[in-house]
Amino acid sequence: MAEISKLPEVVGEPYDVDLAGEEDGDISEKKGTSEDRHAMWRMGKVQEMRRNFRFVSIFGFSMILMASWETILGTSTIGLIDGGTAGLIWMYFICWIGFICVNTSMAEMGSMAPTSGGQYHWVSEFAPAKYQKFLSYMIGWLCVLGWQTGAANTAFLAGTQIQGLIALNKPDYAFEAWHGTLLVFAVSAFNVIFNTFLAKKLPLIEGIVLVVHIFGFFAILVVLWVMGPKGDAHAVFTTFNDYGGWNNLGLSTLSGLVAVVLPLLGADAAVHMSEELRDASKTLPRSMIWTTLINGSTGWIMLITFCCVLGSLDDAIESPTKQAYLYVFYNATKSVAGASAMGALVITMAIFCNLSITATSSRQLFAFARDQGVPFSKTFAYVSPKYDVPINAICLAFAVSCLLSLINLGSSAALMNIASLSTAAILASYIVSISCIALKRIRGEPLLPSKFKLGRAGLAVNLASIVFLVFVFVFSFFPMGPKPNAAGMNWSILMFGSTIIFSWVYYYVKGRHVYAGPVAYVRKSA
């Protein structure tokens, strides 16, 4: 293997300073606490963005990005077709328990190394030395793929829900694929503008929207409890179905797994914002764990309520709005205006969810470009001194969202394709990074110091996470039914494989000559 020709150029104020002389209470708006400065110094990174997030704002950021109760309403149709009400409820609960283990494992790694790079940085530090460079490179690409498609997925989800709201108010509205695509363009453009010109207000906005997220949950829940038709509890919790045509209830339920996994993804988003978070090693794990517990529980409560007041399953799936939850809202309120107001709240939260994911995807790409992991690294690693954000990386998120939304023009399963691709890529990065820390525990190797430790439970939690993730990863590629035609096929496996092949080729052609991996810059004596 060829030697690395040179290390990446780092532009900014160097960290070769005497950190020992700093007091623990020293806090800088730009560089954060002394622990933040020491973490960046240890990792050999330069502080280029302001640390203007605190616990409440980063907690709000993660809660809004994950948006479990809103997202499960938007993806419920997938689960109703493959699995039914019982499949949705129980698979959500199982996946929630699984993600508690996963996010707790990652919270520990985030406390050890709080960096925007996240998983690919952890793999670089924790993998066996022989495989650190190549593995971290591949995981970096999967993180880029996962978060970029995640931004496209949430924009598409918001766009199609807007179409549903139009259909609710205008019964003669004809769903056109290009309408949905243009709405994705609009949602993505709004979030690019917001993430660029209003980036400094992002922590404040996240705190305000967090209040809407919490109170909106109770507002919709109470309306459904009071006004919705009450279904038979036994039927709701025990009735599975196979509208996808698998001829096997178990396989049908598992093929609809993406409907419950998507609302539970994203608690690790705070990791990629950690270089903008004050006292990151302490605040980051708290945010991740509380987000998983609270969002997961509100999502499950909302899902059970939704299923209990669903009414006719067939009518919900065949609703002219193409959004089962809008059918439920109207069926409960018997009012177009009331259902529209409730739907508008859900859609607004979906747009702000996309805003947070766009910010996350840009920071992850910025970090990987900083380590020269992608083509045009200097371009995507550029941070505007005026706005303190990676503008070019944000613009790429917009371009990817627009390009992926074109799938909608030729496929009736566009949402399933994009959601599956995002899910699979992010899950793969989780699997490898958690496997690396688990291997260190099995070998009895010392772990990095951190403010959050799993202690003796660490290995058990790590192994449970890996088993769960591998299972979900496999089923994330399944189509909604057997023997699909070209329009109904889940093409995520093709896009996933193509990305892997491209990254391999780029690695051997250029990447291995310029990419050293984050571990190359870590100060071993820190």
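Up top is the structure.
Along each chain, numbering runs from 1 in the same order as the chain's sequence is written. In view of the model being predicted, local features appear only for residues whose pLDDT reaches at least 70, and side-chain atom pairs are presented and counted only at 80 or more, with totals across whole chains, interfaces and linings using the full set of residues. The side-chain figures draw on all heavy atoms in the structure; neither hydrogens nor water molecules are used.

> Explain the overall build of the chain here, please?
A run of DSSP states H or I qualifies as a helix once it reaches four residues; a run of E qualifies as a strand once it reaches two. Both are numbered from the N-terminal end. Tallying secondary structure elements over the chain gives 21 helices and 2 strands in all. Atoms considered for the radius of gyration are the C-alpha atoms alone. The globule rule reads 2.2 Å times the number of residues to the power 0.38. For 526 residues, the compact-globule estimate of 2.2 N^0.38 gives 24 Å, and the C-alpha radius of gyration of the chain, at 22 Å, lies within 12% of that figure. Among the 526 residues that make up the chain, the fraction classed as buried is 61%. Working rule for contacts: check all heavy atoms of both residues, and any pair within 4.5 Å makes them a contact. If you take every contact in the chain between residues at least 6 apart in sequence, the share linking residues at least 24 apart comes to 81%. Method for areas: the Shrake-Rupley scheme with a 1.4 Å probe, in which residue coverage is limited to the protein chains shown. Looking at the chain as shown, the accessible area adds up to about 19,700 Å², and 69% of this sits on carbon and sulfur atoms. The average position of the 35 basic charges and that of the 32 acidic charges among the side chains of the chain differ by 5 Å. Whether a residue is buried, partly exposed or exposed follows from its accessible area with a 1.4 Å probe, protein chains only, as a fraction of its type maximum: under 20%, in between, or over 50%, in that order. For this count, His and the chain ends are skipped, Lys and Arg are scored as positive, and Asp and Glu as negative. Charge positions come from single atoms, namely NZ of Lys, CZ of Arg, CG of Asp or CD of Glu.

> What's the story with the packing of helix H6 (residues 132-169) against helix H18 (residues 391-405) in this structure? I'm lost.
The packing of two helices is summarised by the inter-axis angle and the distance between the axes. Orientation is described by axes fitted as lines to C-alpha atoms, over the contacting stretch for helices, and by angles from 0 to 180 degrees between their N-to-C directions. Two numbers describe how H6 lies on H18: the axes approach to 8 Å, and their chain directions differ by 60°. It follows from the interaxial angle that H6 and H18 lie oblique. The two elements H6 and H18 meet at a crossing, and its hand is right-handed. Residues Gln148, Thr149, Ala151 and Ala152 of H6 form the contact with H18, whose participating residues are Leu396, Ala397, Val400, Ser401 and Leu404. Throughout this description, any angle smaller than 35 degrees is read as roughly parallel, any larger than 145 degrees as roughly antiparallel, any in the 65 to 115 degree range as roughly perpendicular, and the remainder as oblique. By convention, the crossing between two helices is left-handed when the near helix turns anticlockwise from the far helix through less than a right angle, and right-handed when the turn is clockwise.

> Mind showing me how you'd approach a nonpolar patch on the surface here?
Like charges within 9 Å and nonpolar side chains (Val, Leu, Ile, Met, Phe, Trp, Tyr) within 5 Å are joined into patches, using only residues over 30% in relative accessible area that form no salt bridge. For salt bridges, the criterion is a side-chain nitrogen of Lys or Arg within 4 Å of an Asp or Glu carboxyl oxygen. A surface patch of nonpolar side chains, about 520 Å² in accessible area, is lined by Trp178, Leu182, Leu403, Leu406 and Leu409. Structurally, Trp178 can be placed in helix H7 (residues 177-197). For Trp178, a relative accessible area of 47% gives the class partly exposed.

> What is the right way to read the nonpolar core from this model?
General note: in soluble globular proteins, nonpolar side chains tend to be found buried as a group. Working definition of a nonpolar core: buried Ala, Val, Leu, Ile, Met, Phe, Trp, Tyr and Cys residues. They are joined through side-chain atoms within 4.5 Å. Among the nonpolar cores identified, the biggest contains 148 residues, and Phe61, Phe99, Leu224, Phe306, Phe329, Tyr430 and Phe496 are the most heavily contacted of them. Per element, the largest residue contribution to this core is 17 residues, and it comes from helix H16 (residues 336-370). If near-sequence neighbours (up to four positions away) are discounted, Phe306 is found in contact with Leu73, Ser76, Leu80, Ala324, Tyr325 and Val328.

The values are spatial; any link to function lies outside them.
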